[in-house]
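The primary structure of each chain is shown beneath.
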Amino acid sequence: MRLLVVEDEPDLLSSLASVLREEGYAVDEAEDGEMGLQKALWTDYDAIVLDVMLPGINGFQVIERLRVRKKTPVLLLTARDQSSDRVRGLDSGADDYLPKPYDLPELLARIRALIRRSAGHPSATAQFGRVTIDFNAHRATLDGREIALTAREFALVGMLAQHRDRVFTRAQLYEHLFDESDDSSSNLLDVHVSNIRKKLGKNIIVTRRGLGYGIGCG
């Protein structure tokens, strides 16, 4: 899953992006509202983590302009915890609102929930034959036995599992799984698909010839 984090405090932006990458997300960064809006319009993110108090245009304005063209899930982060600010953020088009300072596990849980709801898969688990995917715990089991997946492997199988009726092209998978600093011309996707099939069964990811990849039955 690919996220955009828009935050004008460099240390906070860096640390939050680092934590999200450790969780298996591909993360793009922006330090002001204009840059954040441009990236949000150019790229199809799975979710956006957006600070309200930004130089240039603020978070409320970013959402209002974004909503003219896109429905990307947005989680607002702000030190302003007044009811009027929460109302304004939600009325502007934000999907959720979290005041600073925030609890990191709660932030991660809210991001997961936003992505699940956006994908039309509100449940925290999904079953595919012998394979069970637990989105909250970032855990996959085969016949009830936990299988160790890397963060990027889980991101790939989790994305396909959340969109079980959809086939993704290679370009779409790179768009969602790798951030702007990754090399999209590499064979990373093939390596991850091969490793997941070895661990969870050769049919867990199905190749639709000429189309792309979809979730299988393990």
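Up top you'll find the structure we're talking about.
To keep things clear, this report deals only with the structure shown in the data block.

Conventions we followed
Residues numbered from 1 in each chain as written. Predicted model: local features only at pLDDT ≥ 70, side-chain atom pairs only at ≥ 80, totals over all residues. Heavy atoms only, no water. Buried < 20%, exposed > 50% of the residue type's maximum accessible area, 1.4 Å probe, protein only. Helix = DSSP H or I, 4+ residues; strand = E, 2+ residues; numbered from the N terminus. Contact = heavy atoms within 4.5 Å. Pairing = 2+ DSSP bridges. Axes fitted to C-alpha atoms, helices over the stretch in contact; angles between N-to-C directions. Phe/Tyr/Trp six-rings, centres within 6.5 Å; stacked < 30°, edge-to-face > 60°. Salt bridge = Lys/Arg side-chain N within 4 Å of Asp/Glu carboxyl O.

Quick word on helix α7 (residues 170-177)
- What α7 keeps buried is the set Leu-173, Tyr-174, His-176 and Leu-177.
- Looking at the buried residues of α7, the elements they touch are β1 (2-6), β2 (26-30), α6 (151-162), α8 (188-200) and β11 (212-215).

As for the sheet that holds β1
- Taken in spatial order, the five strands of this open sheet run β2-β1-β3-β4-β5, and their pairing is parallel. Every other strand in the sheet has two partners, leaving β2 and β5 (96-99) as the edge strands with one partner each. Ignoring which end each strand starts from, the neighbouring axes of this sheet average 20° apart.
- Pairing between strand β3 (residues 47-51) and strand β4 (residues 74-78): four bridges, direction parallel. For Asp-51, the partnering residue across the bridge sits in β4 and is Leu-77.

Focus: unusual backbone geometry
- Lys-100 connects to Pro-101 through a cis peptide bond whose omega is -10°.
- With respect to the secondary-structure elements, Pro-101 resides in the loop between β5 and α5 (104-118).
- A positive phi angle, close to 55°, is found at His-138, a residue other than glycine.
- On the secondary structure map, His-138 appears in the loop between β7 (131-134) and β8 (139-142).
- With relative accessibility at 27%, the residue His-138 sits in the partly exposed group.
- Backbone geometry places Asp-143, a non-glycine residue, at a positive phi of 55°.
- Mapped onto the secondary structure, Asp-143 falls in the loop between β8 and β9 (145-147).

Brief notes about the sheet that holds β8
- Read from one edge of the open sheet, four strands run β6-β7-β8-β9, paired in antiparallel fashion. Strands with a single pairing partner mark the edges of an open sheet, and in this sheet they are β6 (125-128) and β9. Across this sheet, the average inter-strand angle for adjacent strands is 25°, counted without regard to direction.
- Of the pairings in the sheet, the one linking β7 to β8 comprises four bridges and is antiparallel in character. In the sheet register, Thr-132 faces β8, and the bridge partner there is Thr-141.
- Here α6 sits on the sheet in contact with β6, β7 and β8, set at roughly 100° to β7.
- Against the sheet, α8 makes contact with β7, β8 and β9, and its axis sits at roughly 45° relative to β8, the strand it touches most.

Points about the side chain of Thr-72
- Mapped onto the fold, Thr-72 is located in the loop between α3 (59-66) and β4.
- Residue classification places Thr-72 among the buried residues on the basis of a relative accessible area of 8%.
- Excluding residues within four positions of it along the chain, Thr-72 makes contact with Tyr-45, Asp-46, Ala-47, Ile-48, Arg-67 and Asp-95.

Looking at the packing of aromatic side chains
- A complete count under the given rule lists one aromatic pair for this structure.
- Ring plane angle 35° and centroid distance 4.8 Å describe the contact between Tyr-174 and Phe-178, whose orientation is recorded as tilted. In terms of burial, Tyr-174 and Phe-178 fall into one category: buried.

A few points about the pattern of salt bridges
- The final tally for this structure, using the stated rule, is 14 salt bridges.
- Here Arg-139 ties to Glu-146 by a salt bridge, and the two come within 3.8 Å at their closest N and O atoms.
- Residues Arg-170 and Asp-190 are paired through a salt bridge, measuring 2.9 Å at the closest nitrogen-oxygen approach. Taken together, the residues span a long stretch of sequence, with Arg-170 in helix α7 and Asp-190 in helix α8 at a distance of 20 residues.
- Given the relative accessible area of 34%, Arg-170 is considered partly exposed.

Here we look at the pairing of β11
- Pairing analysis gives four bridges linking strand β10 (residues 205-208) to β11, with the strands arranged antiparallel. Residue pairing for β11: Thr-207 is matched across the bridge by Tyr-213.
- The hairpin turn running from β10 into β11, its antiparallel successor, is three residues long, and Gly-210 in that turn takes a positive phi close to 80°.

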